[in-house]
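In case you want the letters, here they are:
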Amino acid sequence: MLARGRLVDWPVMIGAGWVGLEVADALGGAGATFAEVAVVCEELGRAAAATHYLGSAVLAVGLLNTLQDSAVGKDLLSGVTAGSTRVAAVLGDRGCFTLSADRRLAGRAEFVPDADGADRLLVLATDHTGTEVAVVADDLTVTPQPVLDETRAVAAVAADGIEVAEPLRFADPRGAQTVRDRAALAVACDSLGLAEAMLAATVSYAQTRQQFGRAIGSFQAVKHACADMQVKVSVARALVREAVAAVVAVVAGGPEDADAAVAKAKSYTCGAAVDVVGKAMQLHGGIGYTWESGIHVYLKRAVFNRSLFGSPAAHRQHLAQRY
């Protein structure tokens, strides 16, 4: 049987150094890149782990790293790495939050990962000049949103003209898009991990489950189904690796953008993960549909991942517009 969404305590992740992977050495972090973070995201997906890692480490740290140097940013990064402050990033679509000339923040974003219970919220907003900036806000209205995927904690975040401090600006004009690319790709890494877990569990089950005096894995129909799962996982892995390399290159100041690579990885991987988990449930037979099997945890997580930070259809439309 599979675990039903293993809970990983936040202090454990901080102690392991996962939260500060991308934080500079001078601020107490490991000075690593998104490539290392992607590995953690994949393994958390493989375990269907319930954590604050996506919103409070991947997105918040990534957003802070793309901003211009400031005392506020350094304090937040140091606090996140030390575990004294949990920051959540509120991304949303462009324009969902606006910042007026007198620094009044207004807007609303749905399904924000790990916003509930965060010590500080870092919000992407469009200022009066049309430029995207980041603002640190404490008086936002955070309303938890129940979803079928019990391994994720999401909330609606709203602001009704509250006054905020001086906004933080991006060091690169592509900064806001880079942050959104990271968010979509982190979810794709998670989906890749859970798809790999379902493939391994299904192959193992097919080798041990006996029917008509032989392992069900010896039947041609089961072999073909497992082979189809393997193909989907292999293609997804290749696309995710390409996208991770593109994001790392952009963060390092490369001339290329990562939009296309991320859109391919997110659209294919998250769709394929739903197919793979669905096939795993089918091949497990009647036990696969029971609560005890744990496959339902992976299915609900895969379905939610598919829509989080852009559906496959939305990312394919973005690709079509590019080409």
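Keep in mind that this is a model prediction, so the values were computed, not measured.

Thresholds applied
- Positions within a chain are numbered from 1, following the residues in the order the chain's sequence is written.
- Per-residue local features are limited, in this predicted model, to residues with pLDDT of at least 70; the limit for side-chain atom pairs, both in listing and counting, is 80 or more; totals at the level of whole chains, interfaces and linings are taken over all residues.
- The side-chain figures draw on all heavy atoms in the structure; neither hydrogens nor water molecules are used.
- Pairing of aromatic side chains here covers Phe, Tyr and the six-membered ring of Trp, requires ring centres within 6.5 Å, and sorts the geometry by plane angle: under 30 degrees stacked, over 60 edge-to-face, intermediate tilted.
- Secondary structure follows DSSP: runs of H or I at least 4 residues long count as helices, runs of E at least 2 residues long count as strands, and numbering of each begins at the N terminus.
- Accessibility here uses a 1.4 Å probe with only protein chains present; expressed as a share of the type maximum, an area under 20% marks a residue as buried, one over 50% as exposed, and anything in between as partly exposed.
- UniProt positions are given in the numbering used here, feature names are shortened, and annotations may be inferred rather than shown by experiment.
- The split of the chain into domains comes from an automatic or database domain assignment.
- Contacts are residue-level and defined by heavy atoms, with any inter-residue pair within 4.5 Å sufficient.
- Summed over both partners, buried area is the accessible surface (1.4 Å probe) that two parts give up on being assembled.
- Contacts described as polar in this section are N or O atom pairs within 3.5 Å, which, within protein, must combine one atom able to donate a hydrogen with one able to accept it, while residues neighboring in sequence count only if both atoms come from side chains.
- Grid points spaced at 1 Å and placed over the protein atoms alone form the basis of the search, with a cavity being a set where a 1.4 Å probe fits but cannot get out and a pocket an open set showing protein on both sides within 12 Å along at least five of seven lines. Lining residues have an atom within 4 Å of a point.
- Grid points are joined across faces, edges and corners, and a volume is the space filled by probe spheres set on the points.
- All amino acids are sorted into three groups, where Ala, Val, Leu, Ile, Met, Phe, Trp, Tyr, Cys and Pro are nonpolar, Asp, Glu, Lys and Arg are charged, and the leftover types, Gly among them, are polar.
- We call a set of buried residues a nonpolar core when its members are Ala, Val, Leu, Ile, Met, Phe, Trp, Tyr or Cys and they connect through side-chain atoms within 4.5 Å of each other.

Q: Explain the packing of aromatic side chains to me, and be specific about the residues and the numbers.
A: What characterises a pair of aromatic rings is the spacing of the ring centres plus the angle enclosed by the ring planes. Taken as a whole and judged by the stated rule, the model has 1 aromatic pair. On the basis of an interplanar angle of 70° and a centroid distance of 6.3 Å, the ring pair of Phe-111 and Phe-304 is categorised as edge-to-face. One end of the pair, Phe-111, is in strand β3 (residues 104-113); the other, Phe-304, is in helix α8 (residues 295-307), and 193 residues separate them in sequence. A relative accessible area of 38% places Phe-111 in the partly exposed class.

Q: Just give me the short version of the UniProt feature "domain: Acyl-CoA dehydrogenase/oxidase C-terminal" (unreviewed entry) in the protein, but keep the residues and values in it.
A: According to UniProt, the positions carrying the feature "domain: Acyl-CoA dehydrogenase/oxidase C-terminal" (unreviewed entry) are residues 183-322. Taken end to end, residues 183-322 comprises 76% helix and 3% strand; its first and last C-alpha atoms sit 20 Å apart.

Q: Could you give me a rundown of the domain arrangement of the protein, with the residues and numbers involved?
A: One widely used convention gives an interface's size as the accessible area the parts lose upon coming together. Each assigned domain of the protein is listed with its residue range as follows: domain 1 (10-169) and domain 2 (174-321). With 33 residues of domain 1 at the interface, the matching set in domain 2 holds 27 residues. Of the roughly 2,600 Å² buried between domain 1 and domain 2, counting both surfaces, carbon and sulfur atoms make up 66%. Among the residues of domain 1 in contact with domain 2, Phe-34, Arg-46 and Arg-152 are the three that bury the most area, contributing 24% of the side total.

Q: Hey, could you go over the environment of His-284 for me, with residue numbers and the actual values?
A: By the secondary structure assignment, His-284 is in the loop between α7 (259-283) and α8. Overall, the relative accessible area of 9% leaves His-284 in the buried class. In this structure the C-alpha to C-alpha distance between His-284 and Arg-182, which are 102 residues apart in sequence, comes to 34 Å.

Q: Let's hear about the side chain of Ser-56: which residues, and what values?
A: Mapped onto the elements, Ser-56 comes out in helix α3 (residues 53-65). A distance of 2.9 Å separates polar atoms of two side chains, one belonging to Ser-56 and the other to Arg-86. Those residues in contact with Ser-56 that sit more than four places away from it in its chain are Trp-10, Val-61, Val-80, Arg-86, Val-87, Ala-88 and Asp-114.

Q: So, unusual backbone geometry: which residues are in play, and what are the values?
A: Not every positive phi belongs to a glycine, and Phe-111 is a case in point at roughly 55°. Even without being a glycine, Asp-114 presents a positive backbone phi close to 60°. Considering the arrangement of structural elements, one finds Asp-114 in the loop between β3 and β4 (120-127). A relative accessible area of 4% means that Asp-114 is categorised as buried.

Q: Describe empty space enclosed by the protein, with residues and values.
A: One pass over the full model with this rule turns up 2 cavities of 30 Å³ or more. There is about 140 Å³ of room inside the largest cavity. In this structure, the largest cavity is lined by 16 residues; those nearest its centre are Thr-51, Leu-54, Arg-152, Asp-190 and Arg-301. If you list the elements that add at least two residues to the lining of the largest cavity, you get α2 (34-46), α3 and α5 (175-208). Tallying contributions element by element places α5 first for the lining of the largest cavity, with 3 residues. Residues of the lining of the largest cavity, tallied by class, amount to 10 nonpolar, 2 polar and 4 charged. Each pocket or cavity is described by its volume, and for the second largest cavity that value is around 40 Å³.

Q: Summarise the nonpolar core; cite the residues concerned and give the values.
A: The biggest cluster of nonpolar side chains holds 87 residues, and the ones touching the most others in it are Tyr-53, Val-58, Leu-63 and Leu-185. Top element by residues in this core is α5. It accounts for 17 residues. Formed jointly, this core draws a minimum of three residues from each of two domains, domain 1 (10-169) and domain 2 (174-321). Residues within four places of Val-58 in sequence aside, it is in contact with Phe-34, Val-37, Cys-41, Tyr-53, Arg-182 and Ala-186. Among the nonpolar cores identified, the runner-up in size contains 22 residues, and Phe-97, Leu-99, Leu-105 and Val-112 belong to it.

Q: Run through the layout of surface pockets, naming residues and quoting values.
A: Taken as a whole, the largest pocket spans an internal volume of roughly 690 Å³. Along its surface, the largest pocket is lined by 26 residues, and Gly-92, Asp-93, Arg-180, Phe-309 and Gly-310 are the ones closest to its centre. Mapped by element, the contributors of at least two residues to the lining of the largest pocket are β3, α5, α7, α8 and α9 (312-322). For the lining of the largest pocket, the class distribution of residues is 14 nonpolar, 6 polar and 6 charged. Shared between two domains, the lining of the largest pocket holds at least three residues of each, these being domain 1 (10-169) and domain 2 (174-321). Computed from the structure, the second largest pocket encloses a volume of approximately 580 Å³. Along the walls of the second largest pocket sit 30 residues, with Leu-64, Asn-65, Thr-66, Leu-67 and Val-251 positioned nearest its centre. Of all elements in the fold, only α3, α4 (71-82), α5 and α6 (220-251) reach the threshold of two or more residues within the lining of the second largest pocket. The residue inventory of the lining of the second largest pocket, partitioned by class, reads 13 nonpolar, 11 polar and 6 charged. For the lining of the second largest pocket, the domains that each give at least three residues are domain 1 (10-169) and domain 2 (174-321).

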